[in-house]
Amino acid sequence: MKRGERFVVNVAPELDSATVDALIHKLNVLLRASMIYSLRLDTNSALRVIVDLAHELAHFEKSIFYLFDEDDKSFYPAVIDGFPEKIPAHLHRGNAFLEWTVENALPVRVEEVRSREIETLMEELGCRSLLSMPILVGNSVRGVLQLFSAVPNNFPDDIVRFLWILILQLEGLFHKMSKPAHLQVDDFDPFTGLPMRSRFDSELDREFLRSRRNNRSFSLFLMEIDDFQEIKEKLISIGGGIILRGVVDQVLPMIRKIDTFARYSDTSLALLLPETDLRHATLLANRIRSRIANTPLSSMGTLPYLKLTISIGVAGFPQALTVNDLLAEAQKNLLLAHEAGGNQAVSRYSAYGLDEKPVSLDLQELLDTLGSVFDMENLLTHLVEFFSRISSADRVSILLMDNSGDRLVFKHGIGFQGFEEEIQRSVLAVEDSICGQALKTKQPLLVDNVDIFMPDRARHGLRYSSPSFMSIPLIFEERAIGVINFSNRRDRGKFTQQDLANILPHVTAMAKLLAGGRRFNAIQKDFLHYTADVLLNIAENKSPYLRGHSDRVSEISYRMARSMKLHEDKAMRIANAARFHDLGRIAVDESILGKPGPLDSGEASLVRQHPLWSARILQSFPNLEVDIPAVRTHHERYDGKGYPDGLMGEEIPVGGRILAVTDAYDAMIHDRPFRPAMSPEDALTVLDQKSGSQFDKRIVKVFRDVLQ
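Here goes a summary of the coordinates provided. Small disclaimer: the values here were computed from a predicted structure and weren't measured. (Residues numbered from 1 in each chain as written. Predicted model: local features only at pLDDT ≥ 70, side-chain atom pairs only at ≥ 80, totals over all residues. Heavy atoms only, no water.)

**A word on the overall build of the protein chain**
Part 1: Counting secondary structure elements, the protein chain contains 26 helices and 16 strands.
Part 2: Each of the 708 residues in the protein chain was classed as buried or not, and the buried ones make up 48%.
Part 3: Long-range pairs, those at least 24 residues apart, make up 63% of the contacts in the protein chain between residues at least 6 apart in sequence.
Part 4: Put simply, the protein chain shows about 34,900 Å² of open surface, and 52% of that area lies on carbon and sulfur atoms. (Helix = DSSP H or I, 4+ residues; strand = E, 2+ residues; numbered from the N terminus. Buried < 20%, exposed > 50% of the residue type's maximum accessible area, 1.4 Å probe, protein only. Contact = heavy atoms within 4.5 Å. Areas by Shrake-Rupley, 256 points an atom, 1.4 Å probe, with all protein chains shown as cover.)

Laid out in structure tokens, this is it:
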């Protein structure tokens, strides 16, 4: 025996790439499920999302989501999927499987028929396998998802485990959404409209049990207005409740539907944040604190002009081990915030020295949230969300200057529901647009009515709930790089100088961030192109006949795309797709690529994988700006007989149809190991012969026109 042989570990060779890909897919499904908790969905919509995700984890034909009826204390089918009309009448109040699930409060799997009753029930449901999983709220079952399959033994242990984790993601959201609508008036504060402490304490207890059982994080705020007693004495005719209401109005737009906001005492407010760790809670606390500090009371209602500040004590689970520890920690941190002079957010997170001073309400919080920002698209997404939160606008957009300096190109926006595709293609001439005027003067532009200010402007079909408009130029090192626009004020009124003053301090930081991001993006693209080029050279060295092929296909594909009136950005993405469409050949053995005779079935199958491998490699280069669907589909046929997906006709993306023609033509007019080159005339004849079968006739015609 070799020394140490008995300790050698088998590292599970059965985990091939397909197995790993399947596992990653399942984990991605669970990640998406965890995000449902923060979406504003009604109960039925949330349940349907869970059923859709379950379809990605397991194969089943039918499902029923039973919910518990608080009034008659029984279950009813809330969501039914896969049944041709309706479920059998006797199933409307459940079935034996439902009873077993509720009794055990655990998933129940039925794959063996042990009684005539069960056999009859499964025959009525048209299934041979069944899985029934409970939704738990505290220790009670409040819902059951049942999945039915016509395939026997369809729910193996690993699938059941993933589905059970999926259902657990719904538990907290279900608890929030399944509350009865008839809440007691006594449970709410008449001044702020918030729940009182008794209801908040109940929510806190439930969230603590849920988070401890599922090993999740949550956080808690206690908030007080600084010098509250002194302010109340100055405004004795108004009362503390009305003043607190002004603070509540500013906080409500910044929190989620799943959060619990309450009046905790005569002088304090409390906020419970499920699924929120201490770091992100601290960032939110500082955003709230700064928003209050920058909003005068006059904008909160009819109160006299007065500036408020608040102090916030933050605590979190699992840092605190019990509910009492959590409340004591938040109270202690609130006291520390007052002692530090107020207008502070203190948490155990900051006490550890990781955040020694409060983060002000500026774009630094985005850097803290995002980490190192390398993805421009990700950065733009967070920027519009950030400015939407701190402004009174429902619609926010960022437009950046193109290389010509004469046009503004839409980059990202929020609030354009129904007009996404059209607005994303927007390119505005600086001379003919409102935001162009702000850009030329390098001064913010505040417009009361856009229709009067510029009656001939392009509307893109947009409807405005408020005619007021605000455009702020993005200036970096005295150079205008773009604009940020605000419209559709939430209260349907006009934007004010105060709105502008609240936003302006952050725009400078934003311009710097975008300028740096654009510069880094350019450097990163160069690096990514270099890296991809190295991989392409390796692939071409394995197949010498491919040298120059990708560059030629790229050049003609770009010309075709522009000839077809595709946008410049789209044409460039197709050109890049053409350049790297054969990258996946790097995974094919040289002996196969250079084989002079016909390939056997195994070799042919391997070569047919290269579009998938090319697409997979390119997905690792998100900023390379490649039309990846074009790469994946460049060997699809118009008649549906191509590979890898067997797409047909218009199902094939336009980039894939372009590459199919340009790739085939260039291959035909150059030598290959198994045949000599054709003449250009003969190659064009082949394209014509296969138009409508292998190739799109319209694409072939465009190709001929461009070639001439």
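**With respect to the sheet that holds strand S11 (residues 393-401)**
Part 1: The strand order S13-S12-S11-S16-S15-S14 describes an open sheet built from six strands, whose pairing is antiparallel. Because the sheet does not close on itself, it has two edges, and the strands there are strand S13 (427-429) and strand S14 (445-447). Strand-to-strand twist in this sheet, taken as the mean axis angle between neighbours without regard to direction, amounts to 25 degrees.
Part 2: Of the strand pairs in this sheet, strand S15 (residues 469-476) and strand S16 (residues 479-489) are connected by eight bridges, and their pairing is antiparallel. Directly across from Phe476, in S16, lies its bridge partner Arg479. (Pairing = 2+ DSSP bridges. Axes fitted to C-alpha atoms, helices over the stretch in contact; angles between N-to-C directions.)

**Topic: the nonpolar core**
Part 1: Counting 33 residues, the largest nonpolar core has Met560, Ile658, Val661, Leu687, Phe695 and Phe703 as the members making the most contacts within it.
Part 2: Going through the elements one at a time, helix H18 (549-563), helix H19 (568-579), helix H23 (628-632), helix H24 (654-668), helix H25 (680-689) and helix H26 (697-707) are the ones with two or more residues in this core.
Part 3: Element by element, the count of residues in this core is highest for H24, at eight residues.
Part 4: Beyond its immediate stretch of four places on either side in the chain, Phe703 contacts Ile556, Met560, Val661, Thr662, Tyr665, Leu684 and Leu687.
Part 5: Formed by 28 residues, the second largest nonpolar core is a distinct cluster that contains Leu194, Val247, Leu273 and Ile288. (Core = buried A, V, L, I, M, F, W, Y, C linked by side-chain atoms within 4.5 Å.)

**Some words on the packing of aromatic side chains**
Part 1: Under the defined criterion, the tally for this structure stands at seven aromatic pairs.
Part 2: Ring centres of Phe97 and Trp100 lie 5.8 Å apart, and the angle between their planes is 75 degrees; on these two criteria the pair is classed as edge-to-face. Of the two residues, Phe97 and Trp100 are both situated in helix H3 (residues 96-104); the distance of three residues between them amounts to about one turn of the helix. (Phe/Tyr/Trp six-rings, centres within 6.5 Å; stacked < 30°, edge-to-face > 60°.)

**What to know about the side chain of Ser132**
Part 1: With respect to the secondary-structure elements, Ser132 resides in strand S4 (residues 129-137).
Part 2: Since its relative accessible area comes to 0%, Ser132 is described here as buried.
Part 3: Only 2.6 Å separates the side chain of Ser132 from the side chain of Thr101, close enough to count as a polar contact.
Part 4: At 3.3 Å, the side chain of Ser132 and the side chain of Gln146 are in polar contact.
Part 5: Dropping the residues within four chain positions of it, Ser132 is found in contact with Phe97, Thr101, Leu106, Pro107, Val108, Val144, Leu145 and Gln146. (Polar contact = N/O pair within 3.5 Å; in protein donor to acceptor, adjacent residues only side chain to side chain.)

**Considering the environment of Val427**
Part 1: Here Val427 shows up in strand S13.
Part 2: Residues Val427 and Leu408, 19 residues apart in the sequence, show an inter-C-alpha distance of 5.6 Å.
Part 3: Setting aside residues up to four positions removed in sequence, Val427 forms contacts with Arg407, Leu408, Val409 and His567.

From the geometry alone we can't say anything about function, so treat these as descriptive.
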